[in-house]
Protein chains: 4
Amino acid sequence: MRASVHRFTMRDPGDVSELAVAISAGKVNPAHIVAVLGKTEGNGLVNDFTRGYLTQSLKLLLAEKLGQSMDAIGEKVIFVFSGGTEGVLTPHYVVFSVDPAAQPIAQTPTGKKTLAVGTAFTPVLAPEDLGRIAHVNSVAQAVRAAMAQAKITDPADVHFVQVKGPCVTTERAAEAKARGAQLVTTDPNKSMAYTRVAGAFGVAAALGELPPGQIREDAFFSRLDWFSERASISSGVEVAVNEVMVLGNSAAWNSDYVIAHRPMTDALDINAIYACLADLGIAALGDNTATGLRQIAAAMIKCEPDASGYVRGQRHTMWQDGDINAQRHIRGAVGGLVAGVIADTRIFVSGGDEHQGPPGGGMIALVAKAA
Amino acid sequence: MRASVHRFTMRDPGDVSELAVAISAGKVNPAHIVAVLGKTEGNGLVNDFTRGYLTQSLKLLLAEKLGQSMDAIGEKVIFVFSGGTEGVLTPHYVVFSVDPAAQPIAQTPTGKKTLAVGTAFTPVLAPEDLGRIAHVNSVAQAVRAAMAQAKITDPADVHFVQVKGPCVTTERAAEAKARGAQLVTTDPNKSMAYTRVAGAFGVAAALGELPPGQIREDAFFSRLDWFSERASISSGVEVAVNEVMVLGNSAAWNSDYVIAHRPMTDALDINAIYACLADLGIAALGDNTATGLRQIAAAMIKCEPDASGYVRGQRHTMWQDGDINAQRHIRGAVGGLVAGVIADTRIFVSGGDEHQGPPGGGMIALVAKAA
Amino acid sequence: MRASVHRFTMRDPGDVSELAVAISAGKVNPAHIVAVLGKTEGNGLVNDFTRGYLTQSLKLLLAEKLGQSMDAIGEKVIFVFSGGTEGVLTPHYVVFSVDPAAQPIAQTPTGKKTLAVGTAFTPVLAPEDLGRIAHVNSVAQAVRAAMAQAKITDPADVHFVQVKGPCVTTERAAEAKARGAQLVTTDPNKSMAYTRVAGAFGVAAALGELPPGQIREDAFFSRLDWFSERASISSGVEVAVNEVMVLGNSAAWNSDYVIAHRPMTDALDINAIYACLADLGIAALGDNTATGLRQIAAAMIKCEPDASGYVRGQRHTMWQDGDINAQRHIRGAVGGLVAGVIADTRIFVSGGDEHQGPPGGGMIALVAKAA
Amino acid sequence: MRASVHRFTMRDPGDVSELAVAISAGKVNPAHIVAVLGKTEGNGLVNDFTRGYLTQSLKLLLAEKLGQSMDAIGEKVIFVFSGGTEGVLTPHYVVFSVDPAAQPIAQTPTGKKTLAVGTAFTPVLAPEDLGRIAHVNSVAQAVRAAMAQAKITDPADVHFVQVKGPCVTTERAAEAKARGAQLVTTDPNKSMAYTRVAGAFGVAAALGELPPGQIREDAFFSRLDWFSERASISSGVEVAVNEVMVLGNSAAWNSDYVIAHRPMTDALDINAIYACLADLGIAALGDNTATGLRQIAAAMIKCEPDASGYVRGQRHTMWQDGDINAQRHIRGAVGGLVAGVIADTRIFVSGGDEHQGPPGGGMIALVAKAA
């Protein structure tokens, strides 16, 4: 099996021409696409419709290219878009493809581990199970399934897990209420946060970052020292099940890429970025003109404004700003830092990282061409 | 002579309690203060009143401490505040003091150059001279005067020049019009930009960065390759003359600090930041826990969104964003980068840098305790 | 001929379910739709992609319902969306349909005039003609063609003319430059403004609001006392020709609706709103519970922040606000005023009204069920 | 006794020159000033420092004019500023003065009621009492004291009560915690909301709008049908006690002004505005050029975005907007409506009106020259 990574930019969220050209040129096989991860130029908040617009545009393109319905595309491809290209960030999307037939594993495996991709979907959860232990367990099971599909056995080989999970909607809440079922919350925004926590804990359980038996509902939002350092979770009304993509390295694949990750302890953790580069064998200490940086094929960051109101002992103003949302502030700052280190602004920077990386920090994952 | 640098933070722009405490404790002599440079938590745009609020609060404090009028304080101390603490940036101000009596230069000078501070004021310019060659020449002359006061003879020893210049106001325009005088512009916002360019060219002329004879009015805003890499210019209706502060190193001083600077070629120029640290003898390549970083006493940055709409070949969205001003975007990104390198968020990051540093880039200047 | 007006709301710009239901229920014949005018919940500025998203969603729906391509839909239906539902405004769109066969005009016409709709398209203009007299004349000719289609002979019967015109793009500018052609501007944003002025002057010429011979290019942006009080112009890179919709009253139609309009002299011109209601025979002076108001089927407003910085002698802060764009401010204020008068928040409020209504003011047009 | 009302505008929050001129001209006696109510051009949210800046500027002016300390001014004059001049609103402040000596009441009172002003301050409340029934009772008592000072006996003669109350701060919370005291909340923002509710309920109790015995802590934020239709409450860390100003009409005064108010049922309640004008004898139905409107000396509005997400059955987008805060939206819309009715943009429009007027609505109070 071979995993491929293609990165495209766009003029606006309705512009999928670069992918169209790549498909026409035979560079991307649309039937092999399993997931698309990207940044769109909205505000990344509730009223950001650039994510839906890009999703619709990509489904339209793939439906046409594959002769399938847009719904059929939505059922097999995971689309995860984070809004907000604050500061120097570039709107872009990364297409992950898997060619199951390509270059079967040599009889005598080299043992070299390369990029492995697995996806899985949970069953539909009852509204009353959203944001609860049942949700955590469901995600954990899907992560294990995606790992199996990716032929990764050692959790240490998993470096990035994207989960996109459903939340309570007005309709789902009404249906549950009619049955007398008790919801964690009926507020869609709060439900989205619960879903992110359930996803993070699910990933942590599957990867052994937290003992599964230890995860309790009263730890949600409170035990911030319990987290997954590989989870990246988003939530939205537009999905009905949890969609999971696992990225890691496996000797069962012969991809041209490898992946690494590091937790970031705070918004200034440049040391983690350099450590992640070192994991990939890229030497660029203090020098972003180093040629090794050109191997980078995708960069994913999770971050958040420190809840204490301080970064390294100094006050920040992100939480008090009534003009710019705190998530926009932090994405711009951490995006600027990572872009300066790797000399590339095509970075997936996502906020809202409850239990995803250390509190006030987050994580960085980099996919690079194997040396 | 000895120059001192004290950095203070505040809860809000009306909070000058840290300086009050330092004065009461004898750590800062209010009579020695020559300039205050700071970042306030406004938007940094036209309707940012945090700059005026902090100025008024500081004048109130110093007037009380020195038994002088607030106007008298305003005439001798240069107050320059940049609004906008985007991302991780911390509201703070840096107080520059000069003790003329302290520790007179040893009879046998060591030759060691330490922080030198000089200030100067231009005469009042006629409204019709604002934004013209007369303005350039006037600033150049004041920069030379400030250098002389700072006992700096070699322009290479100058590392940061802050100029705050006047612009056309409705009243000044009316008065000029009544005399039949011709203004460059009657629009206060445009006038502010012209004043910034005149200031930058004035600094460049005084420091020999541009041959004075070469500077022409038709180069304003067009010859972007003509710039000063040490100039930081602001403009506002509240000043009547150009106020100039020169920071450099001089063997005639025995300060505890030194200063260095580097131009930044673009918003990702991490190499320039590390080079500036190296100039100061601070080794922290890729490691912001390095103890040398704790010597930093003040950090000043100029930056701007690249006018091309691209950074290192990739599109940015700063100029198209109707929700967040482009200057706020770039301050957040470059502030995040510098803060990550030096592990400190108390950074003076200022945008609007026409002819101040390379186009799309800017400059960094760092003051540090001498090793 | 009969013109119909259907108003729909949506949950987000991708939600066209209300129209889908109306089509399925036989209430709207998709083949009869000639134009859709709406407000989407973006910022209404350059980076507002909600307009494109809604357009794509509507084209998808109509393409499916009519068995035509999305491009074919785009060529015959005019889509005009204004972003920004500031304050109390409701995201919605108004579908204008024309049934050419329905209830042919009685042999003995009653003379009663009812809603008439006409659309027309200009030929493609050369880039060098955009924003020039050729552009004005082209729009004027299309307005006359749309009037003819609407069977309106007296310009006084025209009450609203929507024009959506093309602007210079990077590609069009390059092509023109290669031919040695001279453009009014190569800046897309400025070109959009020129197109709006050319459209407004074109409408004014066709309706006799300005003597055609009087319109000169040097009046663009300067003779603000020259305007059309029925023109509503938008511009965008997405159209290649000027699309024109004329709304008026004509005895040749037997619609259930009539239309009226009034210029607004400034943002506080409540008298104009009541006058427009009176024109429609709706009595609701100071009482928005009046039943007559329920007859209103569509409300269209043009407005702008007064360039002087004052409204009725008092300063406003719209132009100085770095956090909220001036157009967003004025839409919220005038939208709140009109909504309060008519007790309905589904109002098309559009800013950027150069030469469209009195400077600092604008216009109001109301479509209502005939009494 | 005579109450006077003077309205001033300013160029920025540091500009108090109009009041300075009025004092110098003898039009305002600085010793008579009891309260200043105003709108400043900040964002009206947590990081709005224009309120503090104007307060400091006014204290500076009055301290100088009266030869008193700024602290002394702050202890006797109530300063209440609401940030946010969205849409057409004008930054301005209204100075309320009371001349106790002027024109003593005739022996044979005419029975004509004119503007009466009373102020009062509560004692310092313990942090654990903030936002509780003790707080409600304390405000109620101060309102009664202010009514007594204003010589108003019938609560129906009270038309506007401004309360500015303290909230929990980090310091106050720490002090309480050290004593083992239990606070309603330690979050300053939540505490501000509790203080507003306690203030509203206190006013309602004093005026008999709610039976005092009925007010319970579990009604805070939940029984939205319990409200005062004359209360306008603000809260902030800068005050230590509740400051109360009562405005009403009393036969014991011979002011040139009278006051009226009306509750507003929602953001479109134009009928309430016209009713309030009618109460004052101003006829201007649908005509804002009516000369009677020129009698208006001050306009105060409370409003809020409807929590349901709907206004008159149609969706609004205020709560979902990540770019513009909901309070800014509603102030712009309701401000635009009132300004259109009264032809004046100098309106005190304040949001955040929990239990102040009907939910989703608010109130309007107008002070006018007596006919």
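What counts and how
Residues numbered from 1 in each chain as written. Chains lettered and ligands numbered in written order. Predicted model: local features only at pLDDT ≥ 70, side-chain atom pairs only at ≥ 80, totals over all residues. Heavy atoms only, no water. Least-squares fit on C-alpha atoms with pLDDT ≥ 70 in both. Contact = heavy atoms within 4.5 Å. Buried area = accessible area lost by both parts, 1.4 Å probe. Salt bridge = Lys/Arg side-chain N within 4 Å of Asp/Glu carboxyl O. Helix = DSSP H or I, 4+ residues; strand = E, 2+ residues; numbered from the N terminus. Nonpolar A, V, L, I, M, F, W, Y, C, P; charged D, E, K, R; others polar. Buried < 20%, exposed > 50% of the residue type's maximum accessible area, 1.4 Å probe, protein only. Domains from an automatic or database assignment. Polar contact = N/O pair within 3.5 Å; in protein donor to acceptor, adjacent residues only side chain to side chain.

**Overview of the relation of the copies chain A and chain B**
At step 1: Each copy superposes on the other: chain A lies on chain B with an RMSD of 0.0 Å after a rotation of 180° and an axial shift of 0.0 Å. Both copies are brought into coincidence by an operation consistent with a two-fold rotation axis. Distance from the rotation axis, computed per C-alpha, reaches its smallest value in chain A at A:L337: 1.9 Å.
At step 2: Of all interface residues in chain A, 100% are interface residues in chain B too; the two copies therefore contact each other through one and the same surface.

**A word on the interface of chain D and chain C**
At step 1: Tallying the contact residues gives 46 residues for chain D and 46 residues for chain C.
At step 2: Summed over both partners, the interface of chain D with chain C comes to about 3,400 Å²; 53% of that surface belongs to carbon and sulfur atoms.
At step 3: On the chain D side of the contact with chain C, D:L268, D:Q314 and D:R315 bury the most area, a combined 18% of that side's loss.
At step 4: Linking chain D to chain C there are four salt bridges.
At step 5: The partner of D:R315 in a salt bridge is C:E41, with the nearest N and O atoms 2.6 Å apart.
At step 6: Elements that contribute at least two residues to the side of chain D that touches chain C include exactly α7 (270-279), β12 (314-315) and α8 (326-342) of chain D.
At step 7: Considering each element in turn, the side of chain D that touches chain C owes the most residues, ten residues, to α8(D).
At step 8: For the side of chain D that touches chain C, the class distribution of residues is 18 nonpolar, 16 polar and twelve charged.

**Details of the interface of chain A and chain B**
At step 1: Across the boundary between the two partners, chain A contributes 46 residues, which contact 46 residues of chain B.
At step 2: Buried area between chain A and chain B, summed over both chains or domains, comes out near 3,400 Å², and the portion from carbon and sulfur atoms is 54%.
At step 3: Contact with chain B buries area across many residues of chain A, yet A:L268, A:Q314 and A:R315 alone supply 18% of it, more than any other trio.
At step 4: Run the count over chain A and chain B and you get four salt bridges.

**Notes on the relation of the copies chain D and chain C**
At step 1: Overlay of chain D on chain C (RMSD 0.0 Å): rotation 180°, translation along the axis 0.0 Å.
At step 2: When the interface residues of chain D are mapped onto chain C, 100% of them again lie at the interface, so the same face is used by both copies.

**Digging into the side chain of D:E128**
Residue and element names in this part refer to chain D.
At step 1: Following the sequence through the fold, E128 ends up in the loop between β5 (114-121) and α4 (133-149).
At step 2: Taking relative accessible area as the criterion, E128 reaches 19% and is therefore assigned buried.
At step 3: In contact with E128, other than residues within four places in its own chain, are A176, R179, A181, Q182 and L183.

**Some points on the pattern of salt bridges**
At step 1: What the rule picks out here adds up to 76 salt bridges over all chains.
At step 2: Close ionic contact of A:D218 with A:R216 constitutes a salt bridge, the shortest N to O distance being 2.8 Å.
At step 3: Judged by its relative accessible area of 51%, A:D218 is exposed.
At step 4: For A:R216, a relative accessible area of 40% puts it in the partly exposed group.
At step 5: Via salt bridges that share partners, A:E86, A:R328, A:R331, B:D321 and D:D323 belong to a single interconnected network.

**What to know about the domain arrangement of chain A**
All names here are of chain A.
At step 1: If you check the domain split of chain A, you get domain 1 (1-103), domain 2 (110-255) and domain 3 (257-369).
At step 2: A C-alpha centroid distance of 22 Å is found between domain 2 and domain 3.
At step 3: Between domain 2 and domain 3, the residue contacts involve 30 residues of the former and 19 residues of the latter.
At step 4: The largest contributions to the domain 2 side of the interface with domain 3 come from H159, F160 and E229, which together make up 28% of the buried area.
At step 5: Taken together, the connections running from domain 2 to domain 3 amount to one salt bridge.
At step 6: Residues E354 and R196 are paired through a salt bridge, measuring 2.8 Å at the closest nitrogen-oxygen approach.
At step 7: At the boundary of domain 2 with domain 3, the tally comes to 13 residue pairs in polar contact (both at pLDDT 80 or more).
At step 8: Elements with a minimum of two residues in the side of domain 2 that touches domain 3: β5 (114-121), β6 (158-165), α6 (188-206), β7 (231-235) and β8 (243-250).

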